[in-house]
Amino acid sequence: LVLHVEGCVVAPAFVDIHVHMRDPGQTYKEDIETACRSAVAGGFTTLVCMPNTEPPIDNPHVARYVIQKGEKIGLCNVLPAGAITKGRKGKELTDFYALKMAGCVALTDDGSPLTDSLLMKRALQLAKQLGLLVMNHCEDDKLAYGSINEGSISDLLGLSVRPVEAEDILVARDCILSYRTGCPVHIQHVSSALSVEIIRFFKKLGAPVSCEVNPYHLLFTEKEILSSGADAKVNPPLRREEDRAALLEAVADGTIDCIATDHAPHHTSEKELVSFALPGMIGLQTALPIALSLVREGHITMQRMVELMSCNPARLLGIEGGSLRPGSEANVVVFDPEREWTLDQHTNLSRSKNTPLWGKKLKGKVLYTIYRGKVVYSDV
Ligand code: DOR
Ligand code: ZN
Ligand code: ZN
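Residues numbered from 1 in each chain as written. Chains lettered and ligands numbered in written order. Predicted model: local features only at pLDDT ≥ 70, side-chain atom pairs only at ≥ 80, totals over all residues. Heavy atoms only, no water.

In this structure, the largest pocket occupies an estimated 920 Å³ of space. In this structure, the largest pocket is lined by 50 residues; those nearest its centre are Arg162, Val234, Asn235, Pro237 and Pro279. Residue assignment for the lining of the largest pocket shows that the elements contributing at least two residues are helix H6 (164-181), helix H7 (193-205) and helix H10 (241-253). Examining the composition of the lining of the largest pocket, we find that three residues originate from one element, H6, more than from any other. Split into classes, the residues belonging to the lining of the largest pocket amount to 17 nonpolar, 17 polar and 16 charged. The wall of the second largest pocket is formed by Ile67, Gly70, Glu71, Gly74, Cys76, Asn77, Val78, Leu79, Tyr371 and Arg372. (1 Å grid on protein atoms, 1.4 Å probe; cavity = no way out; pocket = protein on both sides within 12 Å on 5 of 7 lines; lining within 4 Å. Points joined across faces, edges and corners; volume = space filled by probe spheres on them. Helix = DSSP H or I, 4+ residues; strand = E, 2+ residues; numbered from the N terminus. Nonpolar A, V, L, I, M, F, W, Y, C, P; charged D, E, K, R; others polar.)

Attention shifts here to the site of ligand 1. Close to ligand 1 lie 14 residues; Arg22, Asn52, His137, Asn235 and His266 are nearest. Between ligand 1 and histidine 137 there is a distance of 2.9 Å, counted from an oxygen atom to a side-chain nitrogen or oxygen. Here an oxygen atom of ligand 1 sits 3.1 Å away from a polar atom, N or O, in the side chain of histidine 266. In isolation ligand 1 offers 290 Å² of accessible surface; the protein chains occlude 93% of this area. Of the residues belonging to the shell around ligand 1, the class tally is three nonpolar, eight polar and three charged. (Near = heavy atom within 4 Å. Polar contact = N/O pair within 3.5 Å; in protein donor to acceptor, adjacent residues only side chain to side chain. Areas by Shrake-Rupley, 256 points an atom, 1.4 Å probe, with all protein chains shown as cover.)

Another aspect to go through is the coordination of the zinc ion (ligand 3). Every protein donor of the zinc ion (ligand 3) is accounted for by His18 (NE2), His20 (NE2), Asp110 (OD) and Asp262 (OD), and the metal-donor separations fall at 2.0 to 2.2 Å. Coordination at the zinc ion (ligand 3) comes from four donor atoms whose angles at the metal span 83 to 174 degrees, giving a geometry best classed as irregular. For the zinc ion (ligand 3), the donor residues sit on a single chain with the sequence spacing H-x1-H-x89-D-x151-D. Between the zinc ion (ligand 3) and the zinc ion (ligand 2), both coordinated by aspartate 110, there is a metal-metal distance of 3.4 Å. Taken as a pair, histidine 18 in strand E2 (residues 14-19) and aspartate 262 in the loop between strand E9 (258-259) and helix H11 (287-296) lie far apart in primary sequence, 244 residues in all. By the burial criterion, histidine 18 is buried, and aspartate 262 matches it. (Donors = N, O, S within 2.8 Å, 3.2 Å for Na, K, Ca; no water. Tetrahedral: all angles 85-135°; square planar, octahedral: opposite > 155°, others 65-115°. Buried < 20%, exposed > 50% of the residue type's maximum accessible area, 1.4 Å probe, protein only.)

Our focus in this paragraph is the sheet that holds strand E6 (residues 133-137). Spatially, the eight strands line up as an open sheet ordered E2-E3-E4-E5-E6-E7-E8-E9, and their pairing is parallel. Looking along the sheet, the strands with just one partner apiece sit at the ends: E2 and E9. Relative to the sheet, helix H1 (residues 32-41) contacts strand E3 (44-49) and strand E4 (77-82), its axis offset from that of E3 by approximately 140 degrees. Its contacts with the sheet put helix H2 (residues 60-73) on E3 and E4, and the angle it makes with E4 is roughly 170 degrees. (Pairing = 2+ DSSP bridges. Contact = heavy atoms within 4.5 Å. Axes fitted to C-alpha atoms, helices over the stretch in contact; angles between N-to-C directions.)

A few words on the coordination of the zinc ion (ligand 2). Donor atoms from the polypeptide that coordinate the zinc ion (ligand 2) comprise Asp110 (OD), His137 (ND1) and His189 (NE2), at 1.9 to 2.1 Å from the metal. Given four donor atoms and angles of 84 to 130 degrees at the metal, the environment of the zinc ion (ligand 2) is assigned as irregular. Counting residues between consecutive donors of the zinc ion (ligand 2) along the chain gives the motif D-x26-H-x51-H.

In this structure, Met21, Leu47, Ile187, Ile256, Met305 and Phe335 are the most contacted members of the largest nonpolar core, which totals 79 residues. Once residues lying within four places of it in the same chain are set aside, the contact partners of leucine 47 are Asp16, Val19, Met21, Ala35, Cys36, Ala39, Cys76, Asn77, Val78, Leu79 and Leu284. Judged by nonpolar contacts, the second largest core, of 15 residues, contains Leu79, Ala106, Ala260 and Ala314. (Core = buried A, V, L, I, M, F, W, Y, C linked by side-chain atoms within 4.5 Å.)

A cis geometry characterises the amide bond from aspartate 23 onward to proline 24, with omega recorded as 15 degrees. Its place among the elements puts proline 24 in the loop between E2 and H1. The peptide bond linking glutamate 54 to proline 55 adopts the cis configuration, its omega dihedral lying at -5 degrees. Structurally, the position occupied by proline 55 is in the loop between E3 and H2. A positive phi angle, close to 55 degrees, is found at arginine 88, a residue other than glycine.

We now examine H6. The terminal C-alpha atoms of H6 lie 26 Å apart, and with 18 residues this matches the ideal 26 Å at 1.5 Å per residue to within 8%. Those residues of H6 not exposed but buried are Ala166, Glu167, Asp168, Leu170, Val171, Ala172, Arg173, Asp174, Cys175, Leu177, Ser178 and Thr181. Looking at the buried residues of H6, the elements they touch are helix H4 (117-130), E6, strand E7 (185-188), H7 and strand E8 (209-213). (Expected span 1.5 Å × (residues − 1).)

On the surface, a nonpolar cluster with roughly 290 Å² of combined accessible area is contributed by Tyr179, Phe201 and Leu205. With respect to the secondary-structure elements, leucine 205 resides in helix H7. Overall, leucine 205 belongs to the partly exposed group, its relative accessible area being 41%. (Patch = residues over 30% accessible without salt bridge, like charges linked within 9 Å, V, L, I, M, F, W, Y side chains within 5 Å. Salt bridge = Lys/Arg side-chain N within 4 Å of Asp/Glu carboxyl O.)

Any link to function would need more than the numbers given here.
So, in structure tokens, the structure goes:
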């Protein structure tokens, strides 16, 4: 296979440890095939599928459905994360062993954060024995509406979004549990300056904590809701400039381990009025252009970007991921960091279009994605 790729970057293909594929159950938003098509167009060859499907991935049957459908499509690795608790209700642990045997690579109740500390502690201990990574959505949703984001734009607009302390408190709780038990925990989509400071502190103490950031939290602040409305609504919410600055520092200094898209497709009808809209944005095709903007602005090097999008998530999952080991069938991305393009009805491969970047000019385009040695996406 010979590709002509002058002026382009060749890197291990990206690994996204946080994707909502909506399949089974909500395929009017997305399905495993449209998610995979969008993913390979974004340079990803490994996706971890969140369990908030209908029914949820809380049993081996649903996990196997996801894996088998992913294998049949054959565009990239589709690895399910099992739910930590039955029905994602936060009351009773699922059968971790059965989920592991069925092929789950991680556990999370994403969307419904696990707030019961005793259950979380038991989950961390059990998962460690089985070599499964426990991930947790970084907000305590019970603190969601009892408090206010004083002076924030959403507060002024009368929108009830989860306040920043809902994140800080749960992140601190998860770090403490990880430190005390010695069990790994992965904190999903951190967004507040204080929570990254807490993670930095616990990493220094030696706690086996890791975390990820959603690219949109690196790009936008809460002000985006004024121009993009419901398309800028997400959990955790877009925050203030000082939070964004802290996240940029943390991706540069290694406090944040991964960029993960939290690709969260929703139908147009679910994204009408900001106050009723469902939270989340599609992100598989926009992650690279956003990450490259950080490289251009000097926040991170290209090398660091590849670590954040490929090497680190692969290592956390204990999979080969996008590695370029001699002799292995390669998962590779080739991209042109300078090429401009627009995400619109012609280029979008997701079934949904909920992103503030819809119709905007983006810089940085995947030219080839190679999965197990075969070109699964090309745009030349
Ligand atoms: O914005 C979000 N959307 N945050 C989540 O935790 C869940 C996700 C979804 O499933 O739509
Ligand atoms: Zn989440
Ligand atoms: Zn999510």
